[in-house]
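Given next are the chains, with one letter for each unit.
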Amino acid sequence: MAKIFQLTNKIRVILEFMPHFKTVTTGVWIRAGSVNETKKTNGLAHMLEHMIFQGTTTRSAKEICAITAQIGDDLNAYTSEEYTAYYSTTITQDLPVLLELLSDMLFHPKFGTQEIRKEKKVILEEIDMYEDSPEDLVHELLQKKIFGSHPLGFSISGTKERVKQFQREDLFEFWDTYYVPERMVISIAGAFCEEETLTKLEQLFGKEKIKKNTTKFSEEKIPSPILRQSICLRKKDMEQLHINLAVPAIHAGHKDRFLFSVVNSVLGGSNHSRLFQKVREELGLAYSIYSYGNSFSNVGLWHIDSTVNPSKGAYCLQIILDIIHNLSKNGLTKEELEMHKRQIMIETMLNDEGTKARMSKQVSNLFTYGKVIPLKEWLDDLEKVTLSQVNEFAASYLKLNQLSLCLIGPKGQIDGLEKLKRQFKKWTNIS
């Protein structure tokens, strides 16, 4: 059972003791990401995440690497639209070492000029890497078109031009504004002593003062975006056609999240989904096809992604639209409902086995719902889902006339891609 505590400076702490493990996973999450940026500062949250590893006022980047190697070499981080997370798994006896290191990195970064110049080069390479990944790029381009000028439409890594312009002062300003106790949650799952760990956390994290000059940002409200139905196309030197569709869906923590899980599993969220069985198994049109949700605090999108031969693009897209229309109009069968509920339950229980998954789930629950949701409660709520509920949900959200589309395909197929855009407009009645 996970327990929630609060340090003297308002940092929230989630502790879940898992006695049968010999390891422990720790995560420090900050409620700050690309959604907290402007066009001028886009990419700053991601660059700050990189720079946290590049030395503190008392340790060099090399010394940080040496310590992480000694405790398992498993210290990592990521930046998303709404959060930045730093996490690591180590053996129980090395937990105090990990906590001290994380505290030093997060509260005493150096942001050295030489390290900034070096890390900019690394980030520019990372941007190129994502540009060369059509599966990532097609999702990002479509999200950018749908969200428009809203920060949710920003690239998390920013643009090369912006990254090159960032200065040391920019990093300190963002860090001073958002890396504050009231925006932090520490989550620990695994084998550890609760009393000793809380004492250590208070010593290392609880002493950090709340910055009065940034209190207003702790309650910052990001306005909801206005979603724009869109079609976009990108030509690249490649062989296959990458298709990504999206329709407006539920936000994170929505009361219908269990309905979404079931309908998404039926649509394309599993190997027994309608999309996978028809497009890949029956017709052999694509190696990869799946659906997924992308939910934020106040908005969500429902995506379908597929990779096909350009000559089969129109046929594959038409099949996808037919499956969406049929599911929206006719709903699920009773057999599908029970099968996919059981599949989701088993997947959830399997995913709940590890310390890293448990750490991540608990802090995500706290940010989203303001509490930790026990596994049994989650499974009980899923079990209550009825056929009429999921069919009503499918009819409400799976609407062809609200679909957006992004295509990334070979340069030599541009005429075919333009034709496919026109066909999609006709099929979905987009003006």
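Residues numbered from 1 in each chain as written. Predicted model: local features only at pLDDT ≥ 70, side-chain atom pairs only at ≥ 80, totals over all residues. Heavy atoms only, no water.

Draft legend 1. Quick look at the overall build of the protein. When helices and strands are tallied, the protein shows 17 helices and 11 strands. Scaling as 2.2 N^0.38, a compact globule of 431 residues should have a C-alpha radius of gyration of about 22 Å, and the protein matches this with 23 Å. The principal-axis extent of the C-alpha atoms belonging to the protein is close to 60 × 50 × 40 Å. A burial count over the protein gives 54% of its 431 residues as buried. Here the protein has roughly 20,400 Å² of accessible surface; of this, 50% comes from carbon and sulfur atoms. Positive and negative side-chain charges in the protein, numbering 55 and 54 respectively, have mean positions lying 5 Å apart. (Helix = DSSP H or I, 4+ residues; strand = E, 2+ residues; numbered from the N terminus. Rg over C-alpha atoms; globule rule 2.2 N^0.38 Å. Buried < 20%, exposed > 50% of the residue type's maximum accessible area, 1.4 Å probe, protein only. Areas by Shrake-Rupley, 256 points an atom, 1.4 Å probe, with all protein chains shown as cover. Lys, Arg positive; Asp, Glu negative; His and termini not counted. Charge placed at Lys NZ, Arg CZ, Asp CG, Glu CD.)

Draft legend 2. Up close: the packing of aromatic side chains. Scanning the model with the defined rule gives 20 aromatic pairs in all. Pairing Trp29 with Tyr83 gives two aromatic rings, centres 6.2 Å apart and planes at 55°, and the pair type is tilted. Within this pair, whereas Trp29 is found in strand β3 (residues 23-30), its partner Tyr83 is found in the loop between β4 (75-79) and β5 (84-91), the two being separated by 54 residues in sequence. For the pair Trp29 and Tyr83, one class covers both residues: buried. (Phe/Tyr/Trp six-rings, centres within 6.5 Å; stacked < 30°, edge-to-face > 60°.)

Draft legend 3. Molecular detail of the environment of Asn298. On the secondary structure map, Asn298 appears in the loop between β9 (286-295) and β10 (300-308). Taking the relative accessible area as the measure of exposure, Asn298 reaches 28% and is therefore partly exposed. Residues Asn298 and Ile250, 48 residues apart in the sequence, show an inter-C-alpha distance of 8.4 Å. Residues within four places of Asn298 in sequence aside, it is in contact with Ile222, Pro223, Ser224, Pro225 and His251. At 3.4 Å, the side chain of Asn298 and the side chain of Ser224 are in polar contact. (Contact = heavy atoms within 4.5 Å. Polar contact = N/O pair within 3.5 Å; in protein donor to acceptor, adjacent residues only side chain to side chain.)

Draft legend 4. Examining unusual backbone geometry more closely. Even without being glycine, Asp73 reaches a positive phi, approximately 55°. Tracing the chain through its elements places Asp73 in the loop between α2 (61-70) and β4. Of the residues examined, Asp73 reaches a relative accessible area of 58% and is grouped as exposed. One non-glycine residue, Phe111, adopts positive backbone phi at about 55°.

Draft legend 5. Here's a closer look at the nonpolar core. The biggest cluster of nonpolar side chains holds 49 residues, and the ones touching the most others in it are Leu245, Val263, Leu267, Trp302 and Ile324. Looking at this core element by element, the count peaks at eight residues for helix α12 (residues 313-330). The residues touching Val263, leaving out its near neighbours within four places in the chain, are Trp302, Leu327, Leu332, Val390, Phe393, Ala394 and Leu398. If you look at the next biggest cluster of nonpolar residues, it comprises 48 residues, including Met105, Phe107, Tyr179 and Leu201. (Core = buried A, V, L, I, M, F, W, Y, C linked by side-chain atoms within 4.5 Å.)

Draft legend 6. Geometry of the pattern of salt bridges. Going through the model one piece at a time under the given rule, you end up with 20 salt bridges. Where Asp380 meets Lys376, a salt bridge forms, and the shortest distance between an N and an O atom there is 2.9 Å. Taken together, the residues Asp380 and Lys376, both in helix α15 (residues 375-383) and four residues apart, mark about one turn of the helix. On the basis of relative accessible area, Asp380 is assigned to the partly exposed category, the value being 32%. Its relative accessible area of 59% is what places Lys376 among the exposed residues. Within this structure, Glu16, Asp352, Arg358 and Lys361 form a network of salt bridges that share partners. (Salt bridge = Lys/Arg side-chain N within 4 Å of Asp/Glu carboxyl O.)

Draft legend 7. Expanded view of the sheet that holds strand β1 (residues 2-6). Reading across the sheet, the six strands line up as β1-β2-β6-β3-β5-β4 and stay open at both edges, with mixed pairing between neighbours. Lying at the two open borders of the sheet, with one neighbouring strand each, are β1 and β4. In this sheet, neighbouring strand axes are inclined to one another by 15° on average, regardless of whether the strands run parallel or antiparallel. When strand β2 (residues 12-17) meets strand β6 (residues 184-190), the two strands line up parallel, connected through six bridges. Looking at the pairing, Glu16 lines up with Ala189 of β6. Strands β1, β2, β3, β5 and β6 of the sheet are contacted by helix α14 (residues 355-369), whose axis makes an angle of about 150° with β6. (Pairing = 2+ DSSP bridges. Axes fitted to C-alpha atoms, helices over the stretch in contact; angles between N-to-C directions.)

Draft legend 8. Seen up close, helix α3 (residues 95-107). Here α3 spans 18 Å end to end across 13 residues, near enough to the 18 Å set by a 1.5 Å rise per residue. The element α3 is largely enclosed, with a buried count of 10 among its 13 residues. Listing the buried residues of α3 in full gives Leu95, Leu98, Leu99, Leu101, Leu102, Ser103, Asp104, Met105, Leu106 and Phe107. (Expected span 1.5 Å × (residues − 1).)

Draft legend 9. Region of interest: the pairing of β6. Taking burial as the measure, the seven residues of β6 include seven buried ones, the bulk of the element. Pairing of β3 with β6 involves seven bridges; the strand directions are antiparallel. Along β6, the bridge assignment pairs Val28 with Ile186.

Draft legend 10. Examining a nonpolar patch on the surface more closely. A grouping of Ile346, Met349 and Leu350 is seen on the molecular surface, where their side chains present a nonpolar patch of about 270 Å² in accessible area. Within the secondary structure, Ile346 is located in helix α13 (residues 334-351). (Patch = residues over 30% accessible without salt bridge, like charges linked within 9 Å, V, L, I, M, F, W, Y side chains within 5 Å.)

Draft legend 11. Up close: the environment of Lys236. Topologically, Lys236 is positioned in strand β7 (residues 231-236). Ignoring any residue separated from it by four or fewer positions in sequence, one finds Lys236 in contact with Glu131, Asp132, Leu137, Ile408, Gly409, Pro410 and Lys411.

Draft legend 12. Looking closely at the side chain of Lys341. Inspection of the secondary structure assignment puts Lys341 in helix α13. Polar contacts involving the side chain of Lys341 include one to the main-chain carbonyl oxygen of Glu383, which spans 2.8 Å. For Lys341, the side chain forms a polar contact with the main-chain oxygen of Val385, separated by 3.0 Å. Apart from the residues lying within four places of it in its own chain, the contact partners of Lys341 are Val262, Leu382, Glu383 and Val385.

Function cannot be inferred from these measures alone, as they are strictly geometric.
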